[in-house]
Amino acid sequence: MSALKDKLKADLTASLKSRDELRLRTIRMALAAVNVEEVAGKQARELTDDEVIKVLTKEAKKRKEAAEAFGNAGRATQAQAELDEQAVLEEYLPAQLSDEELGAIVDAAVAETGAAGPQAMGQVMKAVNPKIAGRAEGGRVAAIVRARLAAK
């Protein structure tokens, strides 16, 4: 079993004992998503820490989008609940890259691939994605890559 999944299970027990409802429901939801991912496909398997991080990232993104939707609908209480769950999930994710760090990685990838112009965006994204692995949102990365390629 991955270390991150072990940590989630230990934190589930701790939040159950401390009667922390927010952490309890969020960790239960996260473990359920991990379990669904483990049995998806033709054969059940154990997820690695990187795969668990991808699942948690996806769940955190869902919470962010739901909070925006609730906020736009004038349902502030539900929006805040979603943001609280997102904050709990982010405790288990790697620290996000700053714009400067992300820009440096993109610049290195552009230089490495020799890309020029917007048509080379896919080539640069393919080089950047393994280096950022869950430490930056895809839309943010794409915007920086697009800006760097437009400047060339």
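About the thresholds
Residues numbered from 1 in each chain as written. Predicted model: local features only at pLDDT ≥ 70, side-chain atom pairs only at ≥ 80, totals over all residues. Heavy atoms only, no water. Helix = DSSP H or I, 4+ residues; strand = E, 2+ residues; numbered from the N terminus. Expected span 1.5 Å × (residues − 1). Buried < 20%, exposed > 50% of the residue type's maximum accessible area, 1.4 Å probe, protein only. Contact = heavy atoms within 4.5 Å. Salt bridge = Lys/Arg side-chain N within 4 Å of Asp/Glu carboxyl O.

J.: For this particular structure, what's the right way to read helix 6 (residues 121-132)?
T.: Along an α-helix, a turn takes 3.6 residues, which lines up residues three or four apart on a common side. For helix 6, which comprises twelve residues, the first-to-last C-alpha distance of 16 Å matches the rise-based estimate of 16 Å (1.5 Å per residue) to within 8%. When we look at burial in helix 6, the residues that qualify are Met121, Val124, Met125, Ala127, Val128 and Ile132. Residues of helix 6 that are buried in the fold lie against helix 5 (99-113) and helix 7 (138-151). The first or second residue beyond helix 6 is Ala133, which carries a positive phi of 20 degrees.

J.: How should I be thinking about the pattern of salt bridges in this particular structure?
T.: What the rule picks out here adds up to nine salt bridges. Salt-bridge contacts for Arg45 lead to Glu51; the nearest nitrogen and oxygen are separated by 3.1 Å. Arg63 serves as the salt-bridge partner of Glu85, at 2.9 Å between the closest nitrogen and oxygen. Highlighted residues: Glu85 in helix 4 (residues 76-90) and Arg63 in helix 3 (residues 49-72), separated in sequence by 22 residues. For the pair shown, Glu85 and Arg63 are each scored as buried. Here the salt bridges share partners, and the residues they tie into one network are Arg25, Glu59, Lys62, Arg63, Glu82 and Glu85.

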